[in-house]
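# A closer look at the structure
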Amino acid sequence: DSFFTGVSEGVISSERIIKMLEIHDDQLAIEAKGIYSIEKFIVARRLMYWQVYLHKTVVSAEVLLINILKRAKELSRSGKKLFATPAFSYFLNNEVTRADFEKDRSILELFTQLDDSDIGTSIKVWSKSEDKILSDLCSRMINRKLFKIILQKEPFDPEKVQQTKAKIQEKYNLSESEIGYYFLEGKLVNNAYQSEVDKINILYKDGTVCDIVDAADTLNIKFLSEPVQKYYLCFPKIGNE
């Protein structure tokens, strides 16, 4: 990802990390001499998330894609016949839960048949849909007319949120049930390292093991183990802004 996006901060010493891997008490651990490579890995992970995975353009495109699929699902549930590949059509027309995947292997096999081409081709066809919302959302995705996204560290002022929402609703002549496709409020969380989820053990020569947060002799890892969150508003541009 670092190579293809040109973000040099994502470069890590992966070969060295692999060489430093050990098994201790049936768990993976890193030899103590590899601790600085692990620190760099966690720092790189934090930077890659903000600069690539959680970049505002990526988030805007993801929000738009999710809303396209939500609208397509809603139309399918109401009896509207939409173009889709056989595997994609199954998920559009059925409510599938995790329990269904576990009980019926054929559903899992259908899911594995899905890829970008199923979604991309459908979006192209749906851009000519009679449904104005689905057509507009798909056209935006194809032509890269993504929603504007505003990021900030503090929650948004509720009054400002309602004012912006009202402007969008009026401009696009949207009902209360439709505005959710064009105005979204949420937050992004960047967890570079969570010891309770993906604990990294450091193994010392005397056989003792401790978490990377306790083993690190810099404050970087302690700070990076704390989740950072940002709040966002996502909506189409209003006027010339």
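Everything discussed here concerns the structure shown above.
Just so we're clear, the structure is a prediction, and the values are computed from it rather than from any experiment. (Residues numbered from 1 in each chain as written. Predicted model: local features only at pLDDT ≥ 70, side-chain atom pairs only at ≥ 80, totals over all residues. Heavy atoms only, no water.)

### Brief notes about the sheet that holds strand β6 (residues 209-211)
By definition, the strands of a sheet pair up through backbone hydrogen bonds, in either a parallel or an antiparallel sense. To be explicit about the condition: A pair of strands is treated as paired once DSSP finds two or more bridges between them. Here a helix means four or more residues in a row that DSSP labels H or I, a strand means two or more in a row labelled E, and each is numbered from the N terminus. Every axis in this analysis is a line fitted to C-alpha atoms, fitted for helices over the stretch in contact. Angles between the N-to-C directions lie between 0 and 180 degrees.
Taking strand neighbours across the sheet as the criterion, the four strands line up as β1-β2-β5-β6 in an open arrangement whose pairing is mixed. Single-partner strands in this sheet number two, and they are β1 (21-24) and β6. Strand-to-strand twist in this sheet, taken as the mean axis angle between neighbours without regard to direction, amounts to 45 degrees. Summarising the sheet, strand β5 (residues 201-203) and β6 pair through three bridges and their orientation is antiparallel.

### Brief notes about the sheet that holds strand β3 (residues 148-152)
Operational definition: Note on contacts: a residue pair qualifies if any of its non-hydrogen atoms lie within 4.5 Å across the two residues.
Read across the sheet, three strands follow the order β3-β7-β4 without closing on themselves; strand pairing throughout is antiparallel. Edge positions in the open sheet fall to β3 and β4 (184-190), since each of these has one partner strand only. Geometrically, the sheet is characterised by an average inter-axis angle of 25 degrees between neighbouring strands, direction not taken into account. In terms of strand pairing, β4 meets strand β7 (residues 228-235) through seven bridges, oriented antiparallel. By the bridge assignment, K187 is partnered in β7 with Y231. The sheet contacts of helix α3 (residues 35-53) involve β4 and β7, and relative to β4 the element is tilted by about 160 degrees.

### Some remarks on the pattern of salt bridges
Short version of the rule: Salt bridges are defined by distance alone: a side-chain nitrogen of Lys or Arg within 4 Å of a carboxyl oxygen of Asp or Glu. When a residue's accessible area, from a 1.4 Å probe over protein chains only, is under 20% of the maximum for its type it is buried; when over 50% it is exposed; and in between it is partly exposed.
By the definition in use, this model includes nine salt bridges. The closest approach of N and O atoms between R71 and E74, which form a salt bridge, is 3.5 Å. One end of the pair is R71 and the other is E74, both in helix α4 (residues 56-77) and three residues apart, which spans about a single turn. Using a relative accessible area of 8% as the deciding quantity, one classes R71 as buried. Close ionic contact of E95 with R77 constitutes a salt bridge, the shortest N to O distance being 3.4 Å.

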